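Coordinate inspection notes
Here is what each chain is made of, one letter per residue.
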Amino acid sequence: MTKSIDTYAKHTEVDPMVRSPRLSLARGLSLALALLLWNAPHAFAAGDAAKGADVFKRCTICHNADKDGPNRIGPNLFGVVGRAAGTVSGYSYSTAMKASGVTWTEANLTDYLTDPKKKVPANKMSFAGISDASQLADLIAYLNTLK
Ligand code: HEC
């Protein structure tokens, strides 16, 4: 017993990770970096719906998002996540949107709302797009609550 404690003490004594402050700093930093990299995509995927409701204010000039709410300049967006593009009844879509074949998955919404004219060329939504990735993730989290 005494012998094994001695061996342990000796071992820690010579362990360069413990002895050298520079090495343990490097180890700490790489751990922090690894955690950051591991967390980054998760943080992106899980947007904040409450913040997204705020981002959605940019859309409400053209879109209503209430259940059974009206179409405005753009179609009603209640239940948009998972819906086929161009299918809200009573709304007059562009031919481009009706023929797009897009289903509004989170990934397709992200592409469309980043650059609407790139994702669905010749669609008639006059909106430049949202370049801030975290605002976009928040907005999509919010759209996901509309069901
Ligand atoms: C200036 C008006 C305007 C603004 C602002 C606007 N949109 Fe649109 N949106 C439209 C129009 C018009 C269409 C129909 C496009 C077509 O038929 O080509 C549309 C279509 C869409 C569609 C496709 C819906 C479907 O049923 O296929 C989505 C999704 C959408 N908009 C989301 C948004 C979001 C989210 C925002 C805010 C970030 C936004 N829009 C801002 C006018 C607007």
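Structure's up top.
Conventions and cut-offs
- Residues numbered from 1 in each chain as written.
- Predicted model: local features only at pLDDT ≥ 70, side-chain atom pairs only at ≥ 80, totals over all residues.
- Helix = DSSP H or I, 4+ residues; strand = E, 2+ residues; numbered from the N terminus.
- Buried ≥ 20, exposed ≤ 12 C-beta atoms within 10 Å, placed from the backbone.
- Contact = placed C-beta atoms within 7 Å.
- Near = placed C-beta within 6 Å.
- Nonpolar A, V, L, I, M, F, W, Y, C, P; charged D, E, K, R; others polar.
- Arc of directions from axis to C-beta.
- Axes fitted to C-alpha atoms, helices over the stretch in contact; angles between N-to-C directions.
- Parallel < 35°, antiparallel > 145°, perpendicular 65-115°, else oblique.
- Left-handed = near helix turned anticlockwise from the far one by under 90°.
- Core = buried A, V, L, I, M, F, W, Y, C linked by C-beta atoms within 7 Å.

Focus on the overall build of the chain
What the chain contains, in helices and strands, is eight helices and zero strands. The order of α-helices and β-strands along the chain, N terminus first, is α-α-α-α-α-α-α-α. Taking all 147 residues of the chain together, 16% fall into the buried category. Looking at the chain alone, contacts between residues at least 24 apart form 46% of all its contacts between residues at least 6 apart.

Considerations on the site of the ligand
Residues in close proximity to the ligand total 26 residues, the closest being Cys-59, Cys-62, Gly-74, Ser-94 and Asn-123. Among the secondary structure elements, those contributing two or more residues to the shell around the ligand are helix 5 (95–98) and helix 6 (106–114). Looking at the shell around the ligand residue by residue, the class counts come to 18 nonpolar, six polar and two charged.

A look at helix 6
For helix 6, the complete set of buried residues consists of Leu-109, Tyr-112 and Leu-113. The buried residues of helix 6 occupy an angular sector of 90° when the element is viewed end-on, so they sit on one face. For helix 6, the secondary structure elements touched by its buried residues are helix 7 (116–119) and helix 8 (133–143).

Quick word on the environment of Leu-136
Within the fold, Leu-136 resides in helix 8. Spatially, the C-alpha atom of Leu-136 lies 9.8 Å from that of Asp-48, the residues being 88 residues apart in sequence. Ignoring sequence-local partners within four residues, the contact set of Leu-136 consists of Thr-110, Leu-113, Thr-114 and Ile-130.

Thoughts on the packing of helix 6 against helix 8
Orientation of helix 6 relative to helix 8, taken along the N-to-C sense of each, is 130°, at an axis distance of 10 Å. It follows from the interaxial angle that helix 6 and helix 8 lie oblique. The chirality of how helix 6 crosses helix 8 is right-handed. Taken together, the residues of helix 8 that come into contact with helix 6 (itself represented by Glu-106, Leu-109, Thr-110, Leu-113 and Thr-114) are Leu-136, Leu-139, Ile-140 and Leu-143.

What about the nonpolar core?
One recurring pattern in soluble globular proteins: nonpolar side chains tend to sit buried together. Judged by nonpolar contacts, the single largest core of 14 residues is most densely connected at Leu-109, Leu-113, Leu-136, Leu-139, Ile-140 and Leu-143. With sequence-adjacent residues up to four places away left out, Leu-143 is seen in contact with Leu-77, Val-80, Val-81 and Leu-109.

Section: unusual backbone geometry
A positive phi angle, near 60°, is found at Asp-68, a position not held by glycine. By secondary structure assignment, the location of Asp-68 is in the loop between helix 4 (49–55) and helix 5. Phi is positive for Ala-122, which is not a glycine, with a value near 70°. By the element assignment, Ala-122 lies in the loop between helix 7 and helix 8. Classification of Ala-122 by C-beta neighbours within 10 Å gives exposed; the count is 11.

Taken by themselves, the reported measurements are silent on function.
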